[in-house]
Amino acid sequence: MVVDATGNIQGWEHEFSGRLYHSLQRSGLQLVGNTPLRAHDPQEIILNDAFNCMILFVHEQLKLFWNVLCRQSAVAPFLLALCTCESFDPQVSEDVLKSTPTVAPLAIAPLSSMSSREAGLFYLKFFTELKLHSKESVSGKMVWFSFSKARELLRRRRYVAKFGVRC
């Protein structure tokens, strides 16, 4: 599931999330819907669809979305991948990576600000690797492996964005 909760406030976000969504789809990933879910409020995210991963692309409301997600109880656990690009919030990233909510036992969060190019490249590589190595379910071991491959790709291309993982 790809959720764009940016409100397109800077004018480029919906195009970016759409490109990422379609790139993931071309890689063979099964995605919810035909486009990213556009949510302006955390309550708009319908968490009753069958999914095991969520990319949440959000700016200023990251803490609000994180708090709402943590309170979900009737949802199957999933991998949460945060994409914040230029609106990096180190405190929320730390909260995401150090907490252990039952709804998102596996998580990836930015550890620095990043360009949309860096974020898109990282998540495309990460989810492509995860799909290749996790046929039935998403495990912590496979999340770590896929995370390492995506991090290495950024390093080889001399990008400076940093991500953290909880698995």
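Up top is the structure these notes are about.
Residues numbered from 1 in each chain as written. Predicted model: local features only at pLDDT ≥ 70, side-chain atom pairs only at ≥ 80, totals over all residues. Heavy atoms only, no water.

1. Side note on the side chain of arginine 166
Then comes step 1: For arginine 166, the position within the fold is in strand E6 (residues 163–166).
Then comes step 2: Within the local environment of arginine 166, its side chain forms a polar contact with the backbone oxygen of leucine 97, the two atoms lying 3.5 Å apart.
Then comes step 3: Within polar-contact distance, the side chain of arginine 166 engages the backbone oxygen of alanine 104 at 2.8 Å.
Then comes step 4: Excluding residues that lie within four positions of it along the chain, arginine 166 makes contacts with Trp66, Val96, Leu97, Ser99, Thr100, Pro101, Ala104, Pro105, Leu106 and Ala107. (Helix = DSSP H or I, 4+ residues; strand = E, 2+ residues; numbered from the N terminus. Polar contact = N/O pair within 3.5 Å; in protein donor to acceptor, adjacent residues only side chain to side chain. Contact = heavy atoms within 4.5 Å.)

2. Let's talk about the pattern of salt bridges
Here the idea is simple: oppositely charged side chains can pair when their charged atoms come close.
Then comes step 1: Taken as a whole, this structure holds six salt bridges when the rule is applied.
Then comes step 2: As a salt-bridge pair, arginine 38 and aspartate 4 come within 3.3 Å of each other at their nearest N and O atoms. Of this pair, arginine 38 sits in strand E2 (residues 37–38) while aspartate 4 sits in strand E1 (residues 2–4), placing them 34 residues apart in sequence.
Then comes step 3: A residue is classified by how much of its surface remains accessible, and arginine 38, at 30% relative accessible area, is partly exposed.
Then comes step 4: Put simply, lysine 63 and aspartate 95 hold a salt bridge, and the shortest N to O gap is 3.6 Å. Taken as a pair, lysine 63 in helix H2 (residues 62–70) and aspartate 95 in helix H3 (residues 90–98) lie far apart in primary sequence, 32 residues in all.
Then comes step 5: Taking the relative accessible area as the measure of exposure, aspartate 95 reaches 23% and is therefore partly exposed. (Salt bridge = Lys/Arg side-chain N within 4 Å of Asp/Glu carboxyl O. Buried < 20%, exposed > 50% of the residue type's maximum accessible area, 1.4 Å probe, protein only.)

3. Concerning unusual backbone geometry
Then comes step 1: With phi around 55°, asparagine 8 is a residue other than glycine that occupies positive phi space.
Then comes step 2: The phi dihedral of arginine 158 falls on the positive side, at around 65°, and the residue is not glycine.
Then comes step 3: Along the chain, the position of arginine 158 falls in the loop between helix H5 (140–156) and E6.

Note that every value here comes from positions in space, so none of it alone points to a role or purpose.
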